[in-house]
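Tertiary structure, described
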Amino acid sequence: MQQGNFLFQAFIYLLAAVVSVPVAKRLGLGSVLGYLLAGVIMGPFILGFIGDEGQDIMHFAEFGVVMMLFLIGLELQPAKLWRLRIPILGLGGAQVGVTTLVFTPVGIALGLPWQASLAIGLALALSSTALVMQSLAEKNLTKTIGGRNAFSVLLFQDIAVIPILAILPLLAPSNVVESLPGNSFSWIESFPFWAKTLVVIGVFAGFFFIGKYLIRPLFHVIAKTRLTEIFTAAALLLIIGTALLMTKIGVSPALGAFMAGVMLAQSEYRHELETNILPFKGLLLGLFFISVGASLNLRLLTAEPILVFSLVGALIVLKFIILMVIGRIFKMKADSTLLFAFSLAQGGEFAFILLSFALQNNVIPSEVVEILIAVTVITMLLTPVFMLINERLIQPRFGTKEKEDEVDESGIEKNSVIIAGFGNMGSVVGRFLQANGVKATFLDIDADNVELLRKLGIKVYYGDASRRSLLQAAGAEEAELLIITLNDLDKTLAIVDTVHKYFPHLTILSRASGWESVYDIIDAGVHDVYRENFDSALHMGKDALIKLGFRAFQVSRASKRFAKHDKMALYEFAKTRHDHNSHLNKIRTHFEELEKLIQREQEDKHQHKNLDWDTLSRVTEQKQLARKK
Amino acid sequence: MKPRILILFAHPAFEKSRVNRVLIQNLASMEGITFRDLYQEYPDFDIHVPNEKALLEAHELLVFHYPMYWYSTPSLIKEYLDLVLEHGWAYGMKGNALQGKYMMHVITTGAQEKTYGKAGSNHFTIRQLLAPMEQTASLCKMHFLPPFVVYGSLLKTEQEIDAFRHDLELLYHAFLDKVIDFEKAAKVSCLNSLIPELKK
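The structure reproduced in this document is the subject of the present report. (Residues numbered from 1 in each chain as written. Chains lettered and ligands numbered in written order. Predicted model: local features only at pLDDT ≥ 70, side-chain atom pairs only at ≥ 80, totals over all residues. Heavy atoms only, no water.)

Moving on: the side chain of A:Thr337. All names here are of chain A. Position of Thr-337 among the secondary structure elements: in helix H16 (residues 334–344). For Thr-337, a relative accessible area of 0% corresponds to the buried category. Aside from chain neighbours lying at most four places away, what touches Thr-337 is Leu-323, Met-324, Gly-327, Arg-328 and Met-332. (Helix = DSSP H or I, 4+ residues; strand = E, 2+ residues; numbered from the N terminus. Buried < 20%, exposed > 50% of the residue type's maximum accessible area, 1.4 Å probe, protein only. Contact = heavy atoms within 4.5 Å.)

Quick look at the structure:
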């Protein structure tokens, strides 16, 4: 099956992506796992569509990681990066250091020389930036404390690769120093250490100036041509150029790209760059994951299943425990620590590079490297599964324990209003009530958020508002109103369910995000539902009309009428939407509904709007009277 | 010091207006006049009382300018009176903020002049219909001036409307230049009847 035909290969890889990712998504597994499994299935041991060239493709596809870090850099302005210095150096340093210190003796105990053990410890201490960041982004977790700390550690690991690559040759017993993997030799290989450092610092400083004084005008000129493909070409050129330069001075291309991204984070072309690079990054990362899956040596797995799987178990368990301990030492809340530990407990793509580099330098024997690469691939395959288990099975339970640690339920003050969720929406509702002398009891499920708000003197209680005991403790029996401001549909429905069962006297006002969830919440039975962006959208529309010269009062009345009709229609549609079961019918009714709405608005225009303070009929009458005389 | 005029204009459907559109067209830019378009200012009826009080204090003539609806003002003016004319400020033992100022109404009506009066279908004169306003001014220790009225606005031609605009502006100039004979003015039923004399 191995044809040198480029198009055939492209066809196979794209087909794998197009088939496996939607299936994986549909099953709730996330795209990364989809790519990885597709790689395993297409790989040399099952279908055989991907053969030995998988390795080359992996090297090529690693460029996706470089692009991803460039994009991450674009999101991080230098000031933000500076604020992250403590997690990066502290958490990252602790993770790499402790993991290496734990793994090295394990290697020695298994009968390897200390040099090989240390090299293995360093290689396996690193996690997979590509896998973790992609999974976190897909689950919308990059901005959480756990997600941010995981990113900090990954960033430290990317930096740590540079000194590790420098150390590895020194561990070789025969002292045969070879160049970096591939053909990428460093210009400054022969320089003493201080000179190398100076060059690296010099290059980064140069980058800063180039970014500020050269790249921006250059992009300006390119943007003026209004040819999108040239802009894309320039963006790719920038990244590839950076990667090449970084390789030449012995810095990891990913780290270099990240720094380049940070330098450009403040430029006005940030979004332009982002949208141009994004598809390349996605495809290359997908390719990368497929090739990781394809490189899983199933023959080795069947030959030595016990050895491989016990190593996999040891690697995951040890890394997990170390991450949990570090997380707790750095005072992360238990739920964040779990996310942090589950996402980073695997070997990563750097292990492939470092292990093969160590092999070239005769630090580690080839049979060991082969096993370790298989182990790394399996841990990468398992990570999305563990993250899924954490998300689905562990996190939901977690609310309970944390809350009992944090607050004494009897201490919660009782108010007539309970607000579930103290975010954008809950805080505004709460402030408005407070301004009118009504106190509310706040419940929130994000432990870090709760702690922060408590520091600001706002009484927010930690806990899962769908639990009967917490609602009871918050005074649900005496309260009149429950306001749900979560943007999590499942949780909202769970809360409504609990309230119907145990506190049926409560009036429920609920936030809804998205077209479908509005209906689900109405069906669940709440007294009113509030579409999160509806009011601000309508307000925007009002201001737009006023800017166009419409009278403010006319616009005000029109918007109120629109809102009323829209809401009526919403409830009407909610009633009728179950008449059609098939998906196609649903879509058709959706369009019909929209049309109905628009039609109704138009009828409205003829029937009512012109009748407001209308003078037409009176003018006609007066004209008739005048004629009679 | 020259007196100043505060015009509170209220038209809920100004986008359809033909007569008032012309009547007010120069007022905002006239010296000595503060022109406020109330429905534009407060489309949601959320009248800012402190601001409005400060404005009233800074002017000598208060003009309510509106099309007449059901023998009265548009509802926003009623809301304005309800909220702004506070006890202890506008009226009451210590309520002297408006004392000695003048109140005047500029009104457009759909119906013809002859319908206002005993014989007509509207039975009362505009001046009679303004009784609540007159009493409001009186309680606030203000001088009440007869209204400036444009009757039968529905059928007015453009030239006629423009003539009314001219008359109204003349009246405002007369007030600003202190040439109005207030004793005489108090006796007429409509300020329109002062215009011929002012034109001289």
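Past the structure itself, the notes keep going.
The next subject is the sheet that holds strand S1 (residues 417–420) of chain A. All names here are of chain A. One open sheet accounts for 6 strands, arranged S3-S2-S1-S4-S5-S6; its pairing is parallel. Across the chains shown, the open sheet's two edge strands, defined by having one partner strand only, are strand S3 (460–462) and strand S6 (528–531). Sheet twist, expressed as the average angle between the axes of neighbouring strands with direction ignored, equals 20°. Where S1 and strand S4 (residues 481–484) come together, 4 bridges link them in parallel fashion. Each residue of the ladder has a partner; that of Ile-419, found in S4, is Ile-483. Its contacts with the sheet put helix H19 (residues 424–435) on S1, strand S2 (440–444), S4, strand S5 (507–512) and S6, and the angle it makes with S1 is roughly 160°. (Pairing = 2+ DSSP bridges. Axes fitted to C-alpha atoms, helices over the stretch in contact; angles between N-to-C directions.)

Let us look at the packing of aromatic side chains. All names here are of chain B. This model, assessed by the stated rule, comprises 18 aromatic pairs over all chains. An angle of 85° between the planes, with centres 5.4 Å apart, marks the rings of Phe-9 and Phe-14 as edge-to-face. Across the pair, exposure class does not vary: Phe-9 and Phe-14 are buried alike. Residues Trp-70 and Tyr-71 carry aromatic rings whose centres are separated by 6.4 Å and whose planes lie at 75° to one another, so their mutual orientation is edge-to-face. A residue is classified by how much of its surface remains accessible, and Trp-70, at 77% relative accessible area, is exposed. (Phe/Tyr/Trp six-rings, centres within 6.5 Å; stacked < 30°, edge-to-face > 60°.)

This part covers the interface of chain B and chain A. Across the boundary between the two partners, chain B contributes 19 residues, which contact 19 residues of chain A. When chain B packs against chain A, close to 1600 Å² is buried across both sides, 55% of that on carbon and sulfur atoms. When the buried surface of chain B facing chain A is broken down by residue, B:Lys16, B:Leu154 and B:Leu155 rank first, second and third, together holding 33% of it. A salt bridge links B:Asp37 to A:Arg551; the nearest nitrogen and oxygen atoms lie 2.4 Å apart. Partitioning the side of chain B that touches chain A into residue classes produces 10 nonpolar, 4 polar and 5 charged. (Buried area = accessible area lost by both parts, 1.4 Å probe. Salt bridge = Lys/Arg side-chain N within 4 Å of Asp/Glu carboxyl O. Nonpolar A, V, L, I, M, F, W, Y, C, P; charged D, E, K, R; others polar.)

Let us look at the environment of A:Leu443. Residue and element names in this part refer to chain A. With respect to the element layout, Leu-443 can be found in strand S2. For Leu-443 and Leu-470, which are 27 residues apart along the polypeptide, the C-alpha to C-alpha distance reads 8.9 Å. Leaving out residues up to four positions away in the same chain, Leu-443 has contacts with Ile-418, Ile-419, Ala-420, Gly-421, Phe-422, Tyr-461, Ala-465, Leu-470, Leu-471 and Ala-474.

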